[in-house]
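# A structural walkthrough
In case you want the letters, here they are:
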Amino acid sequence: MTELYTVERANNFIAQAKEQVNTHYRPKAHFVAPVGWINDPNGFVFFRGEYHLFYQYFPYDSVWGPMHWGHAKSKDLVHWEHLPVALAPDQPYDISGCFSGSAIVKDDTLWLMYTGHIMREDGTVRQVQNMAYSTDGVHFEKLASNPVLDEKDLPEVIDPADFRDPKVFEYDGKYYAVVAAKYRENGGCIVLVGSEDLVDWQFESIFLKGNAEHGIMWECPDFFQLDGEDCLVMSPMQVARDGLSHHNINTTYFMRGKVDWETKTFEPHTIEEVDNGHDFYAPQSMVDDKGRRIMIAWMHTWGRRNVTKELDHQWAMAMTIARHVKIQEGTVIQTPVLPALTTSVSLDDVIEQAIVVDVTNPEQASFELQYGSDADAIRIRYQQEENAVYINREGLKEALLGEEKIPVIERGVAVKEAVVKELRMVIDTHSIEVFINGGSAVMTSNYFFTPATEPRLQVLSGNVELSGFALS
Ligand code: FRU
C-alpha cells in the first residue's frame, strides 16, 4: 500500500519538526531545509524580483525518500525565506516521487516541469514528465493533462525507466527542455523535447548521445548560451578517473560546443569537470535580472557518509554558495555571489566569511593551509611543480568516504594559469569552497569537525597573506 503524501501533510509536519533540529553543523551562509533531507536544486528561477529555489526534499527523515519539492526565495542568494512545500507525490503520475526539474516564467506565471517517478507493483519503473504552475509563486497546480511526456513519446531505443530531470528554456520563440535519458543497452543521452505553450510537448531529437567513457547514465542536464557559446552542463554517473578529474562516484561535466538547430543536436568541443572538490553534484543555473548566469549545486555526492543522520540531527545536506558563471577569454569562470562583504575581520573567526589568500612571491609559490586544528583538519595546498591545487581530508577525525573503489581522500585540480596568485575561500560551518585565481577552477568539500575542535585557518608553509571578509 502506497503511503499518502500531500503538501498539507508535509507543511504541518515541518511546522512542528523544525523545532527539533540540532543546529550544531547548520551552515550560516549556505541553503539548508528547515528539517529533513535535500538533494538536487530544482526550479531555480528569478520571479517577480526574487530568486526562487526549489529542491529535492524528503521532510520526514534526514535520508532520501519519496521526493517532494521544497521551496524558498531570496533577494541576495544568501538569506533565504522558506516557503510551503510546492509539490508532493500525490498523483498516479508522480506517486513514487516528484523528481528533479526546472522552472520558467511565462506571462507572469511560474511554471514547473518535473519528473514523475512511478514504481509499479511488478517492480518496474517508469519516469514521465509533468507540468505545474502558480500565479502567486507559492501554491502550485499540477496540470490535469499530466503526464505531458511519457514512454509513448520516446524512441524505442530509450529506456522509459530512466527519463528524467527536464531543464526548460526558451529558444527562438519556442519552449524546449533537455531531459536526461538512457539507452536500453546502457549509456547516457540527452533528449530534446519541445512545446509551443508549455502544455503540449513533443519529442524533438536525441540532442546528444554519450559513449562508454561518459558513464552509465547522465542526470540533471542544463542547457544555456553563455558569452556566445552553447553550453551543456550535466551530472554523469560512474565515469572513470581521468588524471585529477572525475574521482567522485558521480561527476559533473561542463561541455562547450555548438547546437545545430536544423538537426537539433549538440556537438561538444570541450568537456571539463565543473568543480573538482569532494562534494558537488547536480548543478542548475538561471539568469537573473542583472543578466547574470547563476549556478547552484547540491553540496554532496551520492554514496558518501551522511554524518548529520548518523548523529540524529534531523536534517541533512546543503546547497553550495551560488556562483556567477561566465566565459572570459576562453575560460569558464565561477565567482561566489556574496552580498555586502565587509573587510577587516579577525581570522580566528573565519566561519561565515570569505578568505583571500594572496601569494606574495610567485617565484616560490607553493604553500599549504590548514583549516581546523592540528588533530582534526582539512588541508589545502598548492604544488608549484605540478601547478595544481589539492584539498586533502586525511587529517579529519570524521572520515568522509563513500562507494568509490579507490577512496577519495584527496582531490586536485590543474591550475589554468602559469601559477596560483590568489585563492578565495568561502568557509562555513561544514564546508569550504575554494575559487582559484578569480574562479577559473573551483573545489568544494565538506568536513564535520568533532565538537572539541576549535577551527582556525593557519598557514603551514609558504609565502602567503590571508585576509578575511565577513558577510553581513
Ligand atoms: C540526481 C537525481 C536525479 C533525480 C533525483 C531524485 O541527484 O538522482 O536524477 O531526479 O536525484 O531525487
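These lines cover the structure that appears in this document, whether it is placed above or below. (Residues numbered from 1 in each chain as written. Predicted model: local features only at pLDDT ≥ 70, side-chain atom pairs only at ≥ 80, totals over all residues. Heavy atoms only, no water.)

## Considerations on the overall build of the protein chain
Heads up, the condition is: Each helix is a run of H or I in the DSSP string that is no shorter than four residues. Each strand is a run of E no shorter than two, and both are numbered from the N terminus. Using a 1.4 Å probe on the protein chains alone, a residue whose accessible area is under 20% of its type maximum counts as buried, one over 50% counts as exposed, and one in between counts as partly exposed. We call two residues in contact when some of their heavy atoms are within 4.5 Å. Surface accessibility in these figures is a Shrake-Rupley result with a 1.4 Å probe; residues are shielded only by whichever protein chains are displayed. A positive count includes Lys and Arg, and a negative count includes Asp and Glu. His and the chain ends are not counted in either. Charge coordinates come from a single atom per side chain, which is NZ of Lys, CZ of Arg, CG of Asp or CD of Glu.
Helix and strand content of the protein chain: two helices and 32 strands. In terms of principal-axis extent, the alpha carbons of the protein chain reach across some 65 × 50 × 45 Å. The burial tally for the protein chain puts 61% of its 472 residues in the buried class. Counted over contacts in the protein chain with a minimum sequence separation of 6, partners at least 24 positions apart contribute 58%. Of the roughly 18300 Å² that the protein chain leaves accessible, carbon and sulfur atoms contribute 48%. Side chains of the protein chain give 40 positive and 70 negative charges; the mean places of these two sets differ by 1 Å.

## Things to note about the pattern of salt bridges
Note that side chains of opposite charge can pair when their charged atoms are close. Heads up, the rule is: Should a side-chain nitrogen of Lys or Arg be within 4 Å of a carboxyl oxygen of Asp or Glu, the pair is scored as a salt bridge.
Scanning the entire structure with this criterion turns up 29 salt bridges. With its nearest N and O atoms 3.5 Å apart, the salt bridge here joins Arg-184 to Glu-156. Of this pair, Arg-184 sits in the loop between strand 10 (174–183) and strand 11 (188–195) while Glu-156 sits in the loop between strand 8 (141–142) and strand 9 (158–171), and the two are 28 residues apart along the sequence. By relative accessible area, which is 46% here, Arg-184 ends up partly exposed. Residue class for Glu-156 comes out exposed when judged on its relative accessible area of 61%. Across the salt bridge formed by Asp-162 and Lys-182, the nearest N and O atoms sit 4.0 Å from each other. Of the two residues, Asp-162 is situated in strand 9 and Lys-182 in strand 10; the sequence distance between them amounts to 20 residues. Since its relative accessible area comes to 17%, Asp-162 is described here as buried. Accessibility expressed as a relative area gives 15% for Lys-182, which makes it buried.

## Looking at the sheet that holds strand 5 (residues 98–106)
This is how it is decided: Note on pairing: DSSP must find at least two bridges between two strands before they are called paired.
In spatial order, the strands read 5-6-7-8; together these four strands make up an open sheet with antiparallel pairing. With one partner strand each, in any of the chains shown, strand 5 and strand 8 form the two edges of the open sheet. Two strands pair when backbone bridges link them, and strand 7 (residues 125–134) and strand 8 are joined in this way by two bridges, in the antiparallel orientation. Bridging across to strand 8, Ala-132 finds its partner in Lys-142.

## With respect to the site of the ligand
Basically, it comes down to this: Proximity is defined per residue: any heavy atom of the residue falling within 4 Å of a molecule or strand makes that residue near it. Pairs of N or O atoms within 3.5 Å make up the polar contacts considered here, provided that, within protein, one atom can donate a hydrogen while the other can accept it, and that residues adjacent in sequence are counted only when both atoms are side-chain atoms. Here the term charged refers only to Asp, Glu, Lys and Arg, the term nonpolar to Ala, Val, Leu, Ile, Met, Phe, Trp, Tyr, Cys and Pro, and the term polar to all other amino acids, Gly among them.
Not every one of the 13 residues close to the ligand is listed here, only the nearest: Asp-40, Gln-56, Arg-164, Asp-165 and Glu-219. Separating an oxygen atom of the ligand from a side-chain N or O atom of Asn-39 is a distance of 3.0 Å. Within the side chain of Trp-64, one N or O atom sits 2.9 Å away from an oxygen atom of the ligand. Protein contact buries 95% of the 320 Å² of open area that the ligand shows by itself. Elements that contribute at least two residues to the shell around the ligand include exactly strand 1 (36–47), strand 5, strand 9 and strand 13 (217–226). In terms of residue class, the shell around the ligand is built from six nonpolar, three polar and four charged.

## Some thoughts on the packing of aromatic side chains
To be explicit about the condition: Pairing of aromatic rings covers Phe, Tyr and Trp, the last counted by its six-membered ring, and requires centre-to-centre distances within 6.5 Å; plane angles under 30 degrees mean stacked, over 60 mean edge-to-face, and any other angle means tilted. Two limits define a charge over a ring: the Lys NZ or Arg CZ must be within 6 Å of the ring centre, and within 35 degrees of the ring normal.
Taken as a whole and assessed by the stated rule, the structure comprises 29 aromatic pairs. Arranged with centres 6.0 Å apart and planes meeting at 45°, the rings of Phe-367 and Tyr-382 form a pair that is tilted. On the criterion of sequence distance, the pair formed by Phe-367 in strand 24 (residues 367–373) and Tyr-382 in strand 25 (residues 376–383) is long-range, its members being 15 residues apart. Each member of the pair Phe-367 and Tyr-382 is classed as buried. One aromatic cluster is present, built from ring pairs that chain together Phe-169, Tyr-171, Tyr-176, Phe-207, Phe-223, Trp-261 and Phe-266. Across the ring face of Trp-315, the terminal group of Arg-26 is positioned such that the distance to the ring centre comes to 5.3 Å. The ring of Tyr-183 carries Lys-209 above its face, with NZ or CZ at 4.0 Å from the centroid.

## With respect to the pairing of strand 18 (residues 293–298)
Counting buried positions along strand 18 gives six out of six residues, so the element sits mostly inside the fold. Relative to strand 18, strand 17 (residues 281–287) runs antiparallel, the two being bridged by five bridges. Of the residues in strand 18, the one forming a bridge with Met-286 is Ile-294. Hairpin geometry of strand 17 and strand 18 is characterised by an intervening segment of five residues between the two adjacent antiparallel strands and by a positive phi of about 80° at Gly-291. Where strand 18 lies against strand 20 (residues 323–328), three bridges are found, and the strand directions are antiparallel. The partner of Met-295 across the bridge, within strand 20, is Arg-323.

## Quick notes on the pairing of strand 21 (residues 331–336)
Counting buried positions along strand 21 gives five out of six residues, so the element sits mostly inside the fold. Where strand 20 and strand 21 come together, six bridges link them in antiparallel fashion. For Lys-326, the partnering residue across the bridge sits in strand 21 and is Ile-333. Following strand 20, the chain reverses through two residues before pairing antiparallel with strand 21; Glu-329 in that reversal takes a positive phi of roughly 45°.

## Regarding helix 1 (residues 7–17)
Rules: Each direction from the helix axis to a C-beta atom contributes to the arc, which is the arc of those directions.
The set of residues buried in helix 1 consists of Ala-10, Ile-14 and Ala-17. The arc enclosing the buried residues of helix 1, seen along the axis, measures out at 80°, which places them on a common side. Where helix 1 is buried, its residues touch strand 2 (50–58), strand 3 (68–74) and strand 4 (80–87).

## Things to note about the side chain of Arg-26
Tracing the sequence through the fold places Arg-26 in the loop between helix 1 and strand 1. Here Arg-26 sits buried without a salt bridge, and the closest side chain of opposite charge, Glu-19, lies 10 Å off (N-O distance). In terms of polar contacts, Arg-26 uses its side chain to reach the backbone carbonyl oxygen of Ala-33, at 2.9 Å. Non-local contacts of Arg-26, meaning those with residues more than four positions away in its chain, are made with Val-21, Val-32, Ala-33, Pro-34, Trp-315 and Thr-429.

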